[in-house]
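Below are the chains, spelled out letter by letter.
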Amino acid sequence: MAIHNESELETYICEYLEQHDWLYSPNDAGYDRKNAIFPEDVHAWLAENQPEDYGRIVKADAPASAQQAQRDQITTRLIDVLNKPQDTGVGGTLNVLRKGFKVGTSATLRMAEPRPATNLNPAAVASYQRMRLRVMRQVHFSTADQRSIDLVFFVNGLPVATVELKTDFTQSLDEAVNQYKKDRHPITNGRVEPLLSFGHRALVHFAVSNDLAAMTTRLEGDKTHFLPFNTGNEGGAGNPPAADGTSSTAYLWERVWEKHAWLNIIGRLMIVETKEEWDVATGTSLRRTSMLFPRFHQWEAVTNIAAAIE
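Note that this is a predicted model, so its numbers are computed, not measured.

Close contact between helix H2 (residues 39–49) and helix H4 (residues 64–82) brings their axes to 11 Å; oriented N to C, the two are set at 110 degrees. The orientation of H2 with respect to H4, classified from their angle, is roughly perpendicular. Facing H2, whose interface residues are Val42, His43 and Leu46, H4 presents Arg71, Ile74, Thr75 and Leu78.

And the structure:
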C-alpha cells in the first residue's frame, strides 16, 4: 500500500527501525534541547558498559541527590567536550564517539564500541551489543521557539543525524531541502541551535521523500549544499520505482540505517578534513573544516569490497 502522507511515512520508518534493533521514542520526552543530547541513554550506556569507571564518579551508596549531582558532573563535562573545536581532534560528536572523554582524573569514558572483527573477545562483543541506537520523532530542536524536526537519530544519547520527510503525493524532496535552508539555521536570532551546529551534534542531515534522498553535513542557510543520496536508476540519476508500491527510498532504512551498517559509517567511514583555502576577496588564507559523509555508491562499494575480502 502506498504511503500518502508524512506522518504515515514517519511511523512506517520508525516502526521498521524498532523491529530491527533500534530504540524508538514516539516523541521527544527526555530530550535536552538546550544541550542537544538524550541524557537517559548517555548514562544508561556508561553505567552498563563501564560500571567500574562510571561507579567511581556516580557512587552507588550516595544519596539520590548526590548521585544526581554526580551524573550532572558527567553530563556537564560531556557537553563541554562536544562543544570544543572538532579540528583539534578532541571536540565534536565524531571525536567523542571514537575517542571518549575524561571527567577530572578518571579513566576515559568511552561513548561507543567499534564492532569487533571476530568473536574471539567476548567482552568486546558484549560491549558492542550494548550500543543504543535510537530514533526520536518530532524533536523540538530550537532554543528560541517550538520548531521541530521529523526524526533525529542518536547513538548512546548523542545525536548523529536529522531527517526531514516529505511524501511526493503532497510535497517534493525540494520542499525538505528548502526547509533545511530556510528554517533550519544553526543560529536563530543570535541564539545557537546546538543540534544543528556543524560537527558538534548532528553529523549529517537527510532530506527524504518517497522517491528521492539527499544529504548534507553543514547547514548554512541559503548556502547549504545538498548532495544526492540515491542508488541510481538504469545508469541515470534517481532511484528505481518501488516494486511494492511503497517507497523508492526504502534502501535508506533497510540498508543504510541498518544497525551495523549505520554504526560502521559513523565509526569508520566519516572523515573530518581541514584545509587552508585562499580567500581572493580578502587576500588571506582561511582554515576551513569539512565533514565527509560517504555518497551512497561510495558506501556500497566499500561495503561490497569488505564483504568480498571477508
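As a further point, take unusual backbone geometry. One can expect most non-glycine residues to show negative phi and most peptide bonds to be in trans. Although it is not a glycine, Ala36 adopts a positive phi angle of roughly 55 degrees. Structurally, Ala36 is set in the loop between strand S1 (23–25) and H2. With a phi angle near 50 degrees, Asn189 is a residue other than glycine that sits in the positive phi range. On the secondary structure map, Asn189 appears in the loop between strand S5 (187–188) and strand S6 (191–192). For Asn189, a relative accessible area of 76% gives the class exposed.

The next subject is helix H1 (residues 6–18). The end-to-end C-alpha distance of H1 is 18 Å, a good match for the 18 Å that 13 residues give at a rise of 1.5 Å each. Buried within H1 we find Leu9, Glu10, Ile13, Cys14, Tyr16 and Leu17. Here the buried residues of H1 occupy an arc of 160 degrees about the axis, which is enough to place them on one side. Taking the backbone nitrogen of Ser7 as reference, a side-chain oxygen 3.1 Å away marks Asn5 as the first, capping residue of H1.

The next thing to look at is the environment of Glu10. If you trace the backbone, Glu10 turns up in helix H1. Residue classification places Glu10 among the buried residues on the basis of a relative accessible area of 3%. Here the alpha-carbon distance between Glu10 and Ala250, two residues 240 residues apart in the chain, equals 12 Å. For Glu10, the contacting residues outside a window of four places in its chain are Arg137, Gln138, Asp150, Leu151 and Leu165.

Most of strand S3 (residues 148–155) is tucked away, with 8 of its 8 residues classed as buried. Alignment of strand S2 (residues 133–140) against S3, held across 7 bridges, turns out to be antiparallel. Paired with Leu133 across the bridge in S3 is Val155. Bridging between S3 and strand S4 (residues 158–165) involves 5 bridges; their strand directions are antiparallel. In the strand pairing of S4, Leu151 is matched with Val163. Where S3 folds back on S4, the antiparallel hairpin that results is connected by 2 residues, among which Asn156 adopts a positive phi of roughly 50 degrees.

Glancing now at the sheet that holds strand S7 (residues 204–208). Read across the sheet, 7 strands follow the order S1-S2-S3-S4-S7-S8-S9 without closing on themselves; strand pairing throughout is mixed. Edge strands, defined here as strands with exactly one partner in the open sheet, are S1 and strand S9 (227–228). The sheet strands contacting H1 are S1, S2, S3 and S4, and the helix crosses S2 at an angle near 160 degrees.

Turning our attention to the side chain of His43. Inspection of the secondary structure puts His43 in helix H2. Among the polar contacts listed, one links the side chain of His43 to the side chain of Thr75, at a separation of 2.8 Å. Not counting chain neighbours up to four residues away, the residues in contact with His43 comprise Tyr54, Arg71, Ile74 and Thr75.

Further remarks concern the pairing of S7. Among the 5 residues of S7, 5 are classified as buried, and the element is accordingly described as predominantly covered. Sheet topology note: the S4/S7 ladder contains 5 bridges and is parallel. Residue pairing for S7: Leu165 is matched across the bridge by Val208. Sheet topology note: the S7/strand S8 (residues 213–216) ladder contains 4 bridges and is antiparallel. Bridging from a neighbouring strand, His205 pairs with Thr216 of S8. A loop of 4 residues connects S7 with S8, the two strands running antiparallel in sequence.

All right, on to the nonpolar core then. Formed by 63 residues in total, the largest nonpolar core has its most connected members in Phe101, Phe153, Phe206, Phe229, Leu252, Trp257 and Trp262. Discounting chain neighbours no more than four positions away, the residues touching Phe229 are Phe206, Ala213, Ala214, Met215, Tyr251, Leu252, Val256, Phe293, Pro294, Arg295 and Phe296. Grouped together as the second largest cluster of nonpolar side chains are 20 residues, Val139, Ala176, Ala207 and Phe226 included.

Analysis parameters
Residues numbered from 1 in each chain as written. Predicted model: local features only at pLDDT ≥ 70, side-chain atom pairs only at ≥ 80, totals over all residues. Heavy atoms only, no water. Axes fitted to C-alpha atoms, helices over the stretch in contact; angles between N-to-C directions. Helix = DSSP H or I, 4+ residues; strand = E, 2+ residues; numbered from the N terminus. Parallel < 35°, antiparallel > 145°, perpendicular 65-115°, else oblique. Contact = heavy atoms within 4.5 Å. Buried < 20%, exposed > 50% of the residue type's maximum accessible area, 1.4 Å probe, protein only. Expected span 1.5 Å × (residues − 1). Arc of directions from axis to C-beta. Polar contact = N/O pair within 3.5 Å; in protein donor to acceptor, adjacent residues only side chain to side chain. Pairing = 2+ DSSP bridges. Core = buried A, V, L, I, M, F, W, Y, C linked by side-chain atoms within 4.5 Å.

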